[in-house]
Amino acid sequence: MISIFDLEKLRGLLKDFYAMSSIRITVFDENLTELVSYPKNVSPYCALIRGTAKGREACRTCDRNACLTAAKKHGPHIYRCHAGLTEAVTPLYVGDVLVGYLLFGHVFSYSSHEAGWPVIRDRCQSYGVDEERLKEAVFAADIIEKSYIRSATRILHAVASYLIMEHMATLKEDLVAVRLDSYLNAHYTEKQSAAMIADYLMIGKTRLYELSRQLYGCGVADKIRALRMEKAKKLLSENKDLPLAEVADRCGFSDYNYFITVFSREVGISPAAFRKR
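Residues numbered from 1 in each chain as written. Predicted model: local features only at pLDDT ≥ 70, side-chain atom pairs only at ≥ 80, totals over all residues. Heavy atoms only, no water.

Participant: Looking at this structure, I do not really get the nonpolar core. What am I missing?
Facilitator: The nonpolar side chains of a soluble globular protein tend to be buried, and buried together. Within the largest apolar cluster, 42 residues are counted, with the highest numbers of intra-cluster contacts made by L92, L102, F104, L163, L184 and I197. Top element by residues in this core is helix α6 (residues 146-165). It accounts for seven residues. Leave out the neighbours within four places in its chain, and L184 touches I197, Y216, V220, K223, I224 and L227. Ranked by size, the runner-up nonpolar core spans 32 residues in total, among them C59, A70, F108 and Y127. (Core = buried A, V, L, I, M, F, W, Y, C linked by side-chain atoms within 4.5 Å. Buried < 20%, exposed > 50% of the residue type's maximum accessible area, 1.4 Å probe, protein only. Helix = DSSP H or I, 4+ residues; strand = E, 2+ residues; numbered from the N terminus. Contact = heavy atoms within 4.5 Å.)

Below, the structure written as structure tokens:
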């Protein structure tokens, strides 16, 4: 599927977020291409960092890793960026399909300028940025408390939901993507392999991987595992007397012990403990 964004409405929404929070916000599509930001220009210290080739590349890599982490979490992710500033990102989903990301950033979140400056200086040392200009920009930045960032992140997540609800981001159906999504939801409990799925869709395995990353933010095997875990949790919650071996079998696991291992790793507790909880 192809995501389509109403950029005019998005700009208005981002402007409202900035008016309320004074934090710059950006929208990326599912391919991590920047679509729109407000304000348009980055902060002075980010402009200095992005003014060098190494700094620009570090920013791109940092944004990409943060977005992928948020997609894997299926929710907001707060982190300290490569340059020592605090940022937050939340994925945009239409149904189960990943269509983009909302990211706010360039926030100076330290107890004081004196405490934050050495961290930022050391992290940016290899980028070739003029140290005096960078220090001047850092000491001119507003200090934002962590509690404020957490609140802004919750609002960011709410903005993401509102964006989808108001159809500022929609999907244009692509036949192969629709067939993949339908196939996985219908056959995830069966024995699968990338080669089998690629053959069914009549595409190569590389294209299958790319398509899965665009749709779900993860590989096709990870998506199948996630679907199986959701089914397992539903069965454990709604069928208290169903033997665990039967739960494993219904979720596509022929090896009961392997099911226990995977469930415990993915969910964080054993199936038995999950059922009791």
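Participant: Would you take a moment to explain the layout of surface pockets for this structure?
Facilitator: Think of a ball as big as a water molecule: rolled over the atoms, this probe shows where empty space is left. Empty space within the largest pocket amounts to approximately 710 Å³. Taken together, 21 residues form the lining of the largest pocket, with K72, H74, C218, D222 and A226 sitting closest to its centre. Mapped by element, the contributors of at least two residues to the lining of the largest pocket are α3 (53-73), α9 (205-216), α10 (220-238) and α12 (256-267). Sorting elements by how many residues they give to the lining of the largest pocket places α10 first, with eight residues. Taken together, the residues that form the lining of the largest pocket break down as nine nonpolar, three polar and nine charged. (1 Å grid on protein atoms, 1.4 Å probe; cavity = no way out; pocket = protein on both sides within 12 Å on 5 of 7 lines; lining within 4 Å. Points joined across faces, edges and corners; volume = space filled by probe spheres on them. Nonpolar A, V, L, I, M, F, W, Y, C, P; charged D, E, K, R; others polar.)

Participant: Explain the sheet that holds strand β2 (residues 24-29) here, please?
Facilitator: Whether parallel or antiparallel, the strands of a sheet pair through hydrogen bonds between backbone atoms. Across the sheet, which stays open at both edges, the five strands sit in the order β3-β2-β6-β5-β4 with antiparallel pairing between neighbours. Pairing within the sheet leaves two strands with one partner each, and these edge strands are β3 (34-38) and β4 (77-80). Strand after strand, the sheet turns through a mean of 20 degrees between neighbouring axes, direction not considered. Summarising the sheet, strand β5 (residues 86-94) and strand β6 (residues 97-107) pair through eight bridges and their orientation is antiparallel. (Pairing = 2+ DSSP bridges. Axes fitted to C-alpha atoms, helices over the stretch in contact; angles between N-to-C directions.)

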